[in-house]
Amino acid sequence: MAREVSYVTKGQRSGLYLTDYQDLIRELNRVQPTLVKGLQKDYRKIAKPVQSAVKTGIPVAPPTSGIHRKTPQRTRSGFYPVVQPGRVTWGSNYQNKSKPVKSVLIETPSPNKAPRTMKRFKTGSFSIARLRINNAAVVLADMAGATGKDIDKYPRTREYDYSRSKTGKRRHRINGQGRAMIKALGGKPSRFTWPSAEKALPKAKGEVKVVLQKAYSIINRRMVS
């Protein structure tokens, strides 16, 4: 069985390229199913330093005023709006299900799902480990402007949950605040998470390659025995 592992970086995704990953998982299951679970544990362990790097890169204080837990904060944006705690306020509150700004989860999908996932999404790729940013305000500040679309094209927002409304829903008028926020944030998306992750990725890639090569060695020994 082949052992070649090459690295691929596309946009803000970084990964490993193997032509026979599905074959590897199938053979490991034939030898001993616990070996596949072992792979999953190894992936999680390897992802922890990347998780720590991403957490370090997320600012504790809101990057612009108006994204604050309780009261407006004077920052470089120069905006001083009165903000009610909500899903996209900086910090944890009941609206965002108490998710702190540095809430970053490691997800390691079961390798056994690889064939099904690749077939369903027709991507030819499968996430062995990924990080999920839980705080909506962090995602908003980190990726604002990523689509490059005209954010002021429509007069009103889509309907969203809002606890202070009698119906529990709300829409608001778009008056340029999104464009102003992007300007205040400065830089290009991703502003925090991806640049931080990139610092820890080289070591993680090397460790994943070692883990996979060990798995290939197990299968190769079985084939020649």
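Calculation rules
- Counting restarts for each chain, with residues numbered from 1 along the sequence as it is written.
- Where local features are concerned, this predicted model is filtered to residues with pLDDT of at least 70; where side-chain atom pairs are given and counted, the filter is 80 or more; whole-chain, interface and lining totals use all residues.
- The side-chain quantities take in all heavy atoms of the structure and omit both hydrogens and water.
- Secondary structure elements are defined from DSSP: runs of H or I of at least 4 residues count as helices, runs of E of at least 2 residues count as strands, and each element is numbered from the N terminus.
- Relative accessible area decides the class of each residue, using a 1.4 Å probe on protein chains only: under 20% of the type maximum gives buried, over 50% gives exposed, and in between gives partly exposed.
- Any two residues having at least one pair of non-hydrogen atoms within 4.5 Å are treated as being in contact.
- Per-residue confidence from the predictor is given as pLDDT, running between 0 and 100.
- Here a salt bridge means any side-chain nitrogen of Lys or Arg lying within 4 Å of a carboxyl oxygen belonging to Asp or Glu.
- By this definition, two strands are paired if DSSP reports at least two bridges between them.
- By nonpolar core we mean a set of buried residues, namely Ala, Val, Leu, Ile, Met, Phe, Trp, Tyr and Cys, connected to one another through side-chain atoms within 4.5 Å.

Enquirer: What's the story with the overall build of the protein in this structure? I'm lost.
Expert: If you tally the helices and strands in the protein, you get 6 helices and 6 strands. For the protein, the N- to C-terminal ordering of α and β elements is β-β-α-α-β-α-β-α-β-β-α-α. Expressed as a percentage of the 225 residues in the protein, the buried residues total 33%. The contacts in the protein between residues at least 6 apart in sequence include a share of 61% that link residues at least 24 apart.

Enquirer: Sorry if this is basic, but what is going on with the confidence of the model for the protein here?
Expert: Fine structural detail should not be taken from predicted coordinates in areas where pLDDT scores are low. Here the protein shows a mean pLDDT of 80. Residues at 70 or above account for 76%. Here residues 75-83 is a poorly scored stretch, pLDDT under 50, and it has 25 contacts once near neighbours within four places are set aside; other chains count.

Enquirer: Is there a simple way to think about the pattern of salt bridges in this case?
Expert: Two side chains of opposite charge can pair, provided their charged atoms sit close to one another. Across all of its chains, the model carries 4 salt bridges by this definition. Of the charged contacts in the structure, one is a salt bridge between aspartate 23 and arginine 26, with a shortest N-O distance of 2.3 Å. One end of the pair is aspartate 23 and the other is arginine 26, both in helix α1 (residues 21-31) and 3 residues apart, which spans about a single turn. Overall, aspartate 23 belongs to the partly exposed group, its relative accessible area being 30%. The partner of glutamate 27 in a salt bridge is arginine 30, with the nearest N and O atoms 2.9 Å apart.

Enquirer: Whenever I open this one, the environment of lysine 41 confuses me. Can you help?
Expert: Relative to the helices and strands, lysine 41 is located in helix α2 (residues 34-57). Along the sequence, lysine 41 and threonine 108 sit 67 residues apart, while their C-alpha atoms lie 8.2 Å from each other.

Enquirer: Hey, could you run me through the pairing of strand β3 (residues 104-107) in this one?
Expert: Regular strands show a simple pattern: their side chains alternate between the two faces of the sheet. With burial as the criterion, only one face of β3 is covered, namely that bearing Val104 and Ile106; the residues Leu105 and Glu107 on the opposite face remain uncovered. Across 4 bridges, β3 lies against strand β4 (residues 130-133) in antiparallel orientation. Bridge pairing in β4 places isoleucine 106 opposite leucine 131.

Enquirer: In this structure, what is going on with the nonpolar core? I would like to understand it.
Expert: General note: in soluble globular proteins, nonpolar side chains tend to be found buried as a group. Core analysis: the biggest nonpolar cluster contains 36 residues, and Tyr21, Leu24, Leu28, Ile58 and Trp90 have the highest contact counts within it. Where this core is concerned, the elements lending two or more residues are α1, α2, α4 (136-143), α5 (177-185) and α6 (193-224). It is α6 that contributes the most residues to this core, 11 residues altogether. Look past the residues within four positions of tyrosine 21 in its chain and what remains in contact with it is Tyr43, Pro111, Ala114, Phe126, Ile128 and Leu212.

Enquirer: Where do I start with α4 in this structure?
Expert: The α-helix winds at 3.6 residues per turn, so residues separated by three or four positions along the chain end up facing the same way. Of the positions making up α4, those classed as buried are Ala136, Ala137, Val138, Ala141 and Asp142. Just downstream of α4 lies glycine 145, where phi reads positive at about 90 degrees.

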